[in-house]
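The lines below spell out each chain.
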2 protein chains.
Amino acid sequence: MRKLVTSLLLCTSLYSFGQNADSVAIRKIYNEALSNGKSHEWLRHLTKQIGPRLSGSEGAQKAVDWTKKLMDQQGFDRVFLQEVMVPHWVRGAKEVAYIQNGKQKTNVPIAALGGSVATAAKGVEAQVIEVKSFPELRALGAEKVKGKIVFFNRPMDPTKTITFDAYGGAVDQRAGGATEAAKLGAVGAIVRSMGLAQDDYPHTGGTRYGTGVPLIPTAAISTNGANLLSKSLAENPNLTFYFKQNCETLPDAKSYNVVGELKGSEKPDEIIVVGGHLDSWDLGEGAHDDGTGCMQSIEVLRIMKALGMKPKRTIRAVMFMNEENGLRGGVKYADLAKQNNEKHIAAIESDEGGFTPRGFGIVGTPQQKEKVIQWKPLLAPYGLHDIGPGGGGADIGPLVYIGTVLFGFKPDSQRYFDFHHTAADKFEMVNKRELELGGASMAALVYLLDTYGL
Amino acid sequence: MRKLVTSLLLCTSLYSFGQNADSVAIRKIYNEALSNGKSHEWLRHLTKQIGPRLSGSEGAQKAVDWTKKLMDQQGFDRVFLQEVMVPHWVRGAKEVAYIQNGKQKTNVPIAALGGSVATAAKGVEAQVIEVKSFPELRALGAEKVKGKIVFFNRPMDPTKTITFDAYGGAVDQRAGGATEAAKLGAVGAIVRSMGLAQDDYPHTGGTRYGTGVPLIPTAAISTNGANLLSKSLAENPNLTFYFKQNCETLPDAKSYNVVGELKGSEKPDEIIVVGGHLDSWDLGEGAHDDGTGCMQSIEVLRIMKALGMKPKRTIRAVMFMNEENGLRGGVKYADLAKQNNEKHIAAIESDEGGFTPRGFGIVGTPQQKEKVIQWKPLLAPYGLHDIGPGGGGADIGPLVYIGTVLFGFKPDSQRYFDFHHTAADKFEMVNKRELELGGASMAALVYLLDTYGL
């Protein structure tokens, strides 16, 4: 009990102090973001003028050039590129797919999964085995799977209140389905889209081929398409599924992380990173994934400059390249940090969409987490209640090996998987205030990290 | 400190108990809502098949008939109507408005405010006085205002993190602007729309005429229109503004509250109300305002039935009529409750949109609030952190006089004023999961109120 009392007292005294100084600073940050925020207009440019930015594409290069120029124009102390070689996968001509049920042919929306091989030029047509899990597939055995298309149809669990938990419970099908199917001699793998809405958008996303198994073509089917296919199979298990896709993996391409920096006034060698990933899938405009995280990160530095804040430590906005299909940018950034002996005390990633802020997940020691959790009274007035253990973010993940404390920005998750990796991930789906509140929340955490260290 | 410790212990023991029983019940409620929720499909019917439902309109009557039938079909123990006479205002032909700046005529989007009189048939055209507040207007005096159109242009404050606070800080212009302007001899009042987005949607809403002053026509202008008018006035203070509107107040019409009920098994005389308002403004489909609140309220009873819950107390879903321009349904409901000597222990209203739940505002004694706040550990896992003093809701407000504890359901507020009272308030703007989480949150609170009383 004494411990509880002590921690309560600590909490109370911190709060009193906070009310006198930090809470004023944080209020100013939110006021600046909500009155003069620039992230929404920047995002309009990134999504509407540049558009999709798959690694190795022309869009990705344009985004590198433009964000560098944008940060230069903001007058940050230093803006620089980090060269990195990235995978270069291209979708090619739009996919075609249909269910052939007796004489009835019904087109369904699919999208090749990133990294997949193409079908033969004439497409592939075969009977379908529907399964909900890898164990179920393995139990069927090669005899029943050989020569067929495996249809992975386990939906995301709608009862998970945080949708990322539902995603985590289903995404193995997308990542490993083709490999598991190929092990048993399947000729293709069709995966139910990772989305909670019942609609006609196929959700692309990365797949991974295992070594020593044939590379079979794999695609996502929309949830409506999956429901139809499942219903049709129940009526006629002998129906066939046809699909044709034209994707291709080209040689690795040269690309860049883009970094903007405000130099620390007292401890310039201690670095705090705030970032998102600049690349996106090719189907939409890469708005919530992850144009919002990039624009919010630049906005954090803009806000600090606009308010005349002189950070003690060096603050960096990092646009990571190639989160979606390789993570090469994140790995490169951490490699260079290690190589250059840079001390990164903290890194914040925004890669869960531009929705209303809920909190931050923390990856660090119990003491580090406790320190941050004690800032809650300063952040709760802005709806940031969910501050505690949790994931950081893919791009900043490799920094954990040099002792960096990682923070994953957590916005409200309900709508994210309506857009994620689809053609619906467009600028219009981003609310200006929600986006701005996110940037302000990240700036508030940067302010506290800069002021108190970790 | 002892008090703190005691309350911590209390909290802890309640939580332990909760984990053993209440938390299981609440988890089931959310699971049912997210797996088998019906509110979204019901809302589709209400908005797409019935549409706008201004008091006295055909749409309002259709909504009464349909919600009664819907609750009958759900097999609730009792479904009944409460007759109430409501104001009957009609917009008539679409409004026309333009800025006449020298030879340049620019059309701008306006919408007559509910309850406003029409202009003369040929419209009204006059010079414009722009003000930000009533004191500023009064300081100008009759000499400068007489014969002119007063343009109230104080924006909602974007730095308020809860948008309802920004609304509360600006809505006096809409409610009282025409009267204040008429006192000084103005011939019309144009009010900047109550919205935070810069767009072309005028936001209608109720205006109130004071007694003893001329009734002058008043309309809302879109935020883009307001910005243009203000800019044009800065360039040319002598420009004129023209508007024509055709609205009319007809004799009061007969309408109804619609009530569905699950009868209490132990204390049937103690009533818990959950409700929203069935009427809407005429410009959109009345989706977030307040189709969502109505459908969530019916969903609360459906969930309880589906889970085989036998409430100890009587639970009522109430569709109140005429919240928007009269509150006659809310007043009538409380009058009847008093007249029939009904004991209403609690009432929950959902009228802030169908967005992700954040909490509940409570109107009650400190002891009652404290009791509810102790349920936080059961509700926080669902994102309901914001539980404490706050407003209840307009329709349930009159119940305070018979000792009812009032609860206002608080969803995330960031997007609400993008739609509120505009043509954009449509079904498509409502996310299924956000809507369902709201209904589940209301059901969870009803469950706790029913189990523990107040």
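This structure is a prediction, so every number in the text was calculated from the model and none was measured. (Residues numbered from 1 in each chain as written. Chains lettered and ligands numbered in written order. Predicted model: local features only at pLDDT ≥ 70, side-chain atom pairs only at ≥ 80, totals over all residues. Heavy atoms only, no water.)

1. A look at the overall build of chain A
Part 1 of the argument: When helices and strands are tallied, chain A shows 14 helices and 16 strands.
Part 2 of the argument: Viewed in the frame of its principal axes, chain A has a C-alpha envelope of about 75 × 55 × 40 Å.
Part 3 of the argument: Counting only residues that meet the buried cut, chain A has 59% of its 454 residues in that class.
Part 4 of the argument: Put simply, 83% of the contacts in chain A that link residues at least 6 apart link residues at least 24 apart. (Helix = DSSP H or I, 4+ residues; strand = E, 2+ residues; numbered from the N terminus. Buried < 20%, exposed > 50% of the residue type's maximum accessible area, 1.4 Å probe, protein only. Contact = heavy atoms within 4.5 Å.)

2. As for the packing of aromatic side chains
Residue and element names in this part refer to chain A.
Part 1 of the argument: Taken as a whole and assessed by the stated rule, the structure comprises 28 aromatic pairs over all chains.
Part 2 of the argument: Aromatic side chains Phe164 and Phe417 sit 5.1 Å apart centroid to centroid with 70° between the ring planes, which places their arrangement in the edge-to-face category. Of this pair, Phe164 sits in helix H6 (residues 163-168) while Phe417 sits in helix H13 (residues 416-419), placing them 253 residues apart in sequence. Just as Phe164 is buried, Phe417 falls in that class too.
Part 3 of the argument: Aromatic side chains Phe355 and Tyr416 sit 6.3 Å apart centroid to centroid with 90° between the ring planes, which places their arrangement in the edge-to-face category. Here Tyr416 lies in helix H13 and Phe355 lies in the loop between strand E13 (343-349) and strand E14 (357-363), a separation of 61 residues in the sequence.
Part 4 of the argument: Here Phe355 falls in the buried class, since its relative accessible area comes to 0%.
Part 5 of the argument: Here a set of aromatic residues connected by ring pairs shows up, and it is made of Phe164, Tyr167, Phe355, Tyr416, Phe417 and Phe419.
Part 6 of the argument: Of note, Lys105 hangs over the ring of Tyr98, and the distance from its end group to the ring centre comes to 4.5 Å. (Phe/Tyr/Trp six-rings, centres within 6.5 Å; stacked < 30°, edge-to-face > 60°. Lys NZ or Arg CZ within 6 Å of the ring centre and 35° of its normal.)

3. Some details on the domain arrangement of chain A
Residue and element names in this part refer to chain A.
Part 1 of the argument: For chain A, the assigned domains are domain 1 (14-89 + 251-452) and domain 2 (92-246).
Part 2 of the argument: The distance between the C-alpha centroids of domain 1 and domain 2 comes to 34 Å.
Part 3 of the argument: With 15 residues of domain 1 in contact, the opposing surface of domain 2 contributes 23 residues.
Part 4 of the argument: Taken together, the two surfaces of domain 1 and domain 2 that pack against each other cover about 1500 Å², and 66% of this comes from carbon and sulfur.
Part 5 of the argument: Taken together, the links from domain 1 to domain 2 amount to 0 salt bridges. (Domains from an automatic or database assignment. Buried area = accessible area lost by both parts, 1.4 Å probe. Salt bridge = Lys/Arg side-chain N within 4 Å of Asp/Glu carboxyl O.)

4. Looking at the sheet that holds strand E5 (residues 124-131) of chain B
All names here are of chain B.
Part 1 of the argument: The strand order across the open sheet formed by 8 strands is E3-E2-E9-E5-E6-E7-E8-E4, and the pairing between neighbours is mixed. With partners counted over all chains shown, the strands left at the sheet margins are strand E3 (104-107) and strand E4 (110-112), one partner each. Geometrically, the sheet is characterised by an average inter-axis angle of 30° between neighbouring strands, direction not taken into account.
Part 2 of the argument: Here 4 bridges tie E5 to strand E9 (residues 240-244), and the two strands are oriented antiparallel to one another. Looking at the pairing, Gln127 lines up with Thr240 of E9.
Part 3 of the argument: Against the sheet, helix H7 (residues 172-183) engages strand E6 (149-152), strand E7 (188-192) and strand E8 (218-221), with an angle of about 155° to E7.
Part 4 of the argument: With respect to the sheet, helix H8 (residues 223-235) is in contact with strand E2 (96-101), E3, E5, E6, E7, E8 and E9, its orientation differing from that of E2 by roughly 20°. (Pairing = 2+ DSSP bridges. Axes fitted to C-alpha atoms, helices over the stretch in contact; angles between N-to-C directions.)

5. Some remarks on the relation of the copies chain B and chain A
Part 1 of the argument: Superposition of chain B onto chain A requires a rotation of 180° combined with a translation of 0.0 Å along the rotation axis, giving an RMSD of 0.0 Å. Put plainly, the chains are arranged around a two-fold axis.
Part 2 of the argument: In this assembly, 100% of the residues forming the interface of chain B have copies in chain A that are likewise at the interface, indicating an isologous arrangement. (Least-squares fit on C-alpha atoms with pLDDT ≥ 70 in both.)

6. Comments concerning the confidence of the model for chain A
Residue and element names in this part refer to chain A.
Part 1 of the argument: In the predicted model, chain A carries a mean pLDDT of 96, and 96% of its residues have values of at least 70.
Part 2 of the argument: Across residues 1-15 the pLDDT falls below 50, and counting only partners more than four positions away or on other chains, this stretch makes 13 contacts in the model.
Part 3 of the argument: What the predictor reports for the complex is a pTM of 0.95 with an ipTM of 0.94. (pLDDT = per-residue confidence, 0-100.)

7. Examining the UniProt feature "domain: Peptidase M28" (unreviewed entry) in chain A
Part 1 of the argument: UniProt annotation of "domain: Peptidase M28" (unreviewed entry) refers to residues 257-442 of chain A when read in the numbering used here.
Part 2 of the argument: Across residues 257-442 of chain A one finds 32% helix and 27% strand; the C-alpha atoms that close the span lie 20 Å apart. (UniProt positions renumbered as here; feature names shortened; annotations may be inferred.)

8. Examining the interface of chain B and chain A
In many reports, interface size means the accessible area that the parts give up when they come together.
Part 1 of the argument: Counting residues at the interface gives 30 residues for chain B, matched by 30 residues for chain A.
Part 2 of the argument: Carbon and sulfur atoms make up 56% of the surface buried where chain B meets chain A, a total of about 2500 Å² over both sides.
Part 3 of the argument: Counting the contacts that link chain B with chain A gives 2 salt bridges.
Part 4 of the argument: A salt bridge links Arg415(B) to Glu434(A); the shortest N-O distance between them is 3.0 Å.
Part 5 of the argument: Where chain B touches chain A, the interface holds 16 residue pairs in polar contact (both at pLDDT 80 or more). (Polar contact = N/O pair within 3.5 Å; in protein donor to acceptor, adjacent residues only side chain to side chain.)

9. Focus: H7(B)
Residues and elements named next belong to chain B.
Part 1 of the argument: If you check H7, its first and last C-alpha atoms are 16 Å apart, about what 12 residues at 1.5 Å a residue would give, namely 16 Å.
Part 2 of the argument: When you tally the buried positions in H7, you get 10 out of 12 residues, the bulk of the element.
Part 3 of the argument: For H7, the set of buried residues is Gln173, Arg174, Ala175, Gly176, Gly177, Ala178, Thr179, Glu180, Ala181 and Ala182.
Part 4 of the argument: Packed against the buried residues of H7 are helix H5 (134-145), E6, helix H6 (163-168), E7 and E8.
Part 5 of the argument: Of the residues flanking the end of H7, it is Gly185, one or two places downstream, whose phi is positive at about 90°. (Expected span 1.5 Å × (residues − 1).)

10. Observations concerning the pattern of salt bridges
All names here are of chain A.
Part 1 of the argument: Counting across every chain of the model gives 46 salt bridges over all chains.
Part 2 of the argument: Between Asp252 and Arg328 there is a salt bridge, and its shortest N-O distance comes to 3.1 Å. With Asp252 in strand E10 (residues 248-262) and Arg328 in helix H10 (residues 328-339), this pair connects stretches of sequence that are 76 residues apart.
Part 3 of the argument: Taking relative accessible area as the criterion, Asp252 reaches 40% and is therefore assigned partly exposed.
Part 4 of the argument: For Asp386, the salt bridge goes to Lys410, with nearest N and O atoms at 3.6 Å. Here Asp386, found in strand E15 (residues 386-389), pairs with Lys410, found in strand E16 (residues 405-411); they are 24 residues apart in sequence, far enough to count as distant.

11. Quick look at the packing of helix H2 (residues 22-36) of chain B against helix H9 (residues 287-306) of chain B
All names here are of chain B.
Part 1 of the argument: Contact pair H2 / H9: the axes reach a minimum separation of 10 Å and the direction vectors enclose 110°. When the axis of H2 is compared with that of H9, the two are roughly perpendicular. Touching Ile29, Glu32, Ala33 and Asn36 of H2 are Glu299, Arg302, Ile303 and Ala306, all from H9.
Part 2 of the argument: When the residues that make up the contact of H2 with H9 are grouped by side-chain class, the tally is 4 nonpolar, 1 polar and 3 charged. (Parallel < 35°, antiparallel > 145°, perpendicular 65-115°, else oblique. Nonpolar A, V, L, I, M, F, W, Y, C, P; charged D, E, K, R; others polar.)

12. Observations concerning the sheet that holds strand E8 (residues 218-221) of chain A
Residues and elements named next belong to chain A.
Part 1 of the argument: Strand order in this open sheet of 8 strands is E3-E2-E9-E5-E6-E7-E8-E4, and the pairing throughout is mixed. This sheet does not close on itself; its edge strands, each paired only once, are strand E3 (104-107) and strand E4 (110-112). In this sheet, adjacent strand axes meet at a mean angle of 30° when their direction is disregarded.
Part 2 of the argument: Set on the sheet, helix H7 (residues 172-183) makes contact with strand E6 (149-152), strand E7 (188-192) and E8; between it and E7 the angle comes to about 155°.

13. Details of the side chain of Ser55(A)
Residue and element names in this part refer to chain A.
Part 1 of the argument: Residue position: Ser55 is located in the loop between helix H3 (39-50) and helix H4 (58-73).
Part 2 of the argument: Look at Ser55 and you get buried, because its relative accessible area is 1%.
Part 3 of the argument: Aside from chain neighbours lying at most four places away, what touches Ser55 is Ala60, Val86, Pro87, His88, Asp279, Met321, Asn322 and Asn325.

14. Observations regarding unusual backbone geometry
Part 1 of the argument: Asp290(A) follows Asp289(A) through a cis peptide bond whose omega is 0°.
Part 2 of the argument: Here Asp290(A) lies in helix H9 (residues 287-306).
Part 3 of the argument: Positive phi outside glycine occurs at Asn322(A), with the angle close to 75°.
Part 4 of the argument: If you check the backbone angles, Leu327(B) has positive phi at about 65° while not being a glycine.
Part 5 of the argument: With respect to the helices and strands, Leu327(B) occurs in the loop between strand E12 (313-320) and helix H10 (328-339).

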